[in-house]
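Observations on the model geometry
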Amino acid sequence: MIIKTWRSLIIEDKMRSLRPIMAVPYALKHFAKDGVWVGNLNVNVTNLCTQHCPHCNALPEGAVGQGRFLSFNELRDAVRNLPSMPMSMSFSGGEPTLAPELPDMLEWASSVCPFGINLNTNLYGESERFRRSVETALKVNARIDVSFDGFGEVADRLRGAYDVAKRVEENLKWLAKRRQELGSRSVVTVHTVLNDLNLSQVPQIFLLSLTLGFKQTVAPVNRFFYHTGCDDSSFSLTFSSQLTAVLKMAEGLPNIGQSRRFLWGILAYTRGQAPKLCPYLHPLLKTYKVFLGPGGEVTLCDRTESLGNLLEEPFLEMLKGEAYKKVIERFQKCEGCWLICFVEPVLAVSPWVGRFGL
């Protein structure tokens, strides 16, 4: 059973690597028509959350749309103002499972997005609403990404909540069981933010995801030009032999769910040597990932500068506005980040970017 699981994961990983190639005809069609295409609409159904991670980039100070939920009808209305149906949708927040209408959104989105949907959750919930949302994601075969950064006091400190590891680990085991019972094809990924505080625990996280038959991804803790919530210098990742060993271990995992170039770029990032790979400055990827806030606000990665409201204005019109120009000017000046959702698409269309001299 375990062997079959890993064979399936390896096949899925190969298919994942082909997706950028498979997406080209669709992207070019809409790019030729409008000059843009939306690869992923990240729906922040709420900015409320059950955890308060100091390093979180989803809820920076000044984030728009605080304290409300996006409704199912608002989501459908907003999508009508996009130039084309998004190739995929991600549901995040805050914590998306808090949203009352999330199951309806998941069912609808899974039927209209050609590249499927993602549920990004901290899996910290306990309510019936939480379980119904996760089970709906399993039933529609959504990809489920779970944040899990450590054990014991380390986890509580990194996630800004109480008894995090125990509750999330129990929910991960429940998720594995329900996936099997429902015959779901959902790919579940455990995502870990690497930090000097949790490096010694990361091998144990790898063992957990491997044992449960889940994929595993890692990324460095990032500092962003728009993020003022984390002023504790201990929330950082420094270049070290321990980090190198963890990345070497990750590279050898049969369930690793990211490119090796991204993995080894983490070392370059910690040394200030990683190239700036920003999709928003790339002519083909400039609208690859667009964020829809709980009030209909449209933002790019910083979540603070609204380009406009998708419930009131077509997306193409926003791209002609002053707000969009100002945001791009800010991105041109920023130092860059090393997050999977922003860097991996650029790596996928940039085969000449190697291992950054490492």
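Residues numbered from 1 in each chain as written. Predicted model: local features only at pLDDT ≥ 70, side-chain atom pairs only at ≥ 80, totals over all residues. Heavy atoms only, no water.

What to know about the nonpolar core
Note that soluble globular proteins tend to have their nonpolar side chains buried in a common cluster. The condition that has to hold: Nonpolar core, defined: a set of buried Ala, Val, Leu, Ile, Met, Phe, Trp, Tyr and Cys residues in which side-chain atoms within 4.5 Å join the residues together. Burial status follows relative accessibility: with a 1.4 Å probe on protein chains alone, a residue under 20% of its type maximum counts as buried, one over 50% as exposed, and anything between as partly exposed. Segments assigned H or I by DSSP are reported as helices when at least four residues long, segments assigned E as strands when at least two residues long, and all are numbered from the N terminus. Two residues form a contact once any of their heavy atoms are found within 4.5 Å.
Core analysis: the largest hydrophobic core is formed by 68 residues, its most contacted members being Met89, Phe91, Leu172 and Leu175. The element best represented in this core is helix H6 (residues 164-182), accounting for seven residues. Not counting the four nearest positions on each side in its chain, Met89 is found in contact with Asn40, Leu41, Val43, Val79, Trp108, Ala109, Cys113, Gly116, Ile117 and Asn118. Core analysis: the next-biggest nonpolar cluster, separate from the first, contains 29 residues, Leu199, Val221, Leu253 and Val346 among them.

Digging into the packing of aromatic side chains
The line we're drawing: The criterion for an aromatic pair is that two Phe, Tyr or Trp rings (for Trp, the six-membered ring) have centres within 6.5 Å, with stacked assigned to planes under 30 degrees apart, edge-to-face to planes over 60 apart and tilted to the rest. Counted as over-ring charges are cases with an Arg CZ or a Lys NZ within 6 Å of the ring centre that also lie within 35 degrees of the ring normal.
Overall, the coordinates contain eight aromatic pairs when judged by the stated rule. Where Phe130 meets Trp174, the ring centres are 6.4 Å apart and the plane angle is 35°; that geometry is what we call tilted. Within this pair, whereas Phe130 is found in helix H4 (residues 128-139), its partner Trp174 is found in helix H6, the two being separated by 44 residues in sequence. Three or more aromatic residues joined by ring pairs make a cluster, and in this case those are Tyr280, Phe291, Phe331 and Phe342. Over the face of the ring belonging to Trp174 we find Arg131, whose NZ or CZ atom lies 4.5 Å from the ring centre.

Examining the sheet that holds strand E2 (residues 88-92)
Working definition: the strands of a sheet are paired by backbone hydrogen bonds and lie parallel or antiparallel to each other. Put simply, the rule reads: In this analysis, strands are considered paired if DSSP registers two or more bridges between them.
The strand order E6-E5-E4-E3-E2-E1-E7-E8-E9 describes an open sheet built from nine strands, whose pairing is mixed. Pairing within the sheet leaves two strands with one partner each, and these edge strands are strand E6 (215-220) and strand E9 (308-309). Sheet analysis places strand E4 (residues 143-147) next to strand E5 (residues 188-194), joined by four bridges and oriented parallel. The residue of E5 that forms the bridge with Val146 is Val190.

Considerations on the side chain of Asn309
If you trace the backbone, Asn309 turns up in strand E9. With residues near it in sequence (within four places) discarded, Asn309 still touches Gly295, Gly296, Glu297 and Met318.

Some points on helix H7 (residues 202-212)
Formally: What the arc covers is the set of directions going from the helix axis to the C-beta atoms.
The set of residues buried in H7 consists of Val202, Ile205, Phe206, Leu208, Ser209 and Leu212. Considered in projection along H7, the buried side chains sweep an arc of 160° and stay on one side of the axis. The outward face of H7, more than 90 degrees from its buried face, is lined by the exposed residues Leu207 and Thr211. Positive backbone phi, approximately 80°, marks Gly213, located one or two places after H7.

So, unusual backbone geometry
Cis geometry is found at the peptide bond from Gly93 to Gly94, where omega equals 20°. Backbone geometry at Asp163 places phi at a positive 55°, although glycine is not the residue there. Considering the arrangement of structural elements, one finds Asp163 in the loop between helix H5 (152-159) and H6. Overall, Asp163 belongs to the partly exposed group, its relative accessible area being 32%.

Topic: the confidence of the model for the chain
Where the model shows low pLDDT, its predicted coordinates should not be examined in detail. Selection criterion: As a per-residue quantity, pLDDT reports the predictor's confidence and falls between 0 and 100.
In the predicted model, the chain carries a mean pLDDT of 87, and 83% of its residues have values of at least 70. Taken together, the stretch residues 9-21 has pLDDT below 50 and engages in 19 contacts with residues farther than four places along the chain or on a different chain. Counted against residues more than four places away or in other chains, residues 60-65, with its pLDDT under 50, gives 19 contacts.

What about the pairing of E6?
For a regular strand, the rule is simple: side chains alternate between the two faces of the sheet. Where we set the bar: Orienting the strands away from the viewer, one traces the path from the first strand over the helix to the second; a clockwise path indicates a right-handed crossover.
In terms of burial, E6 is largely enclosed, as six of its six residues are buried. Where E5 and E6 come together, six bridges link them in parallel fashion. Each bridged residue has a counterpart across the sheet, and for Val190 the counterpart in E6 is Gln216. Once the chain exits E5 it traverses H7 before rejoining the sheet at E6, and the crossover so formed is right-handed.

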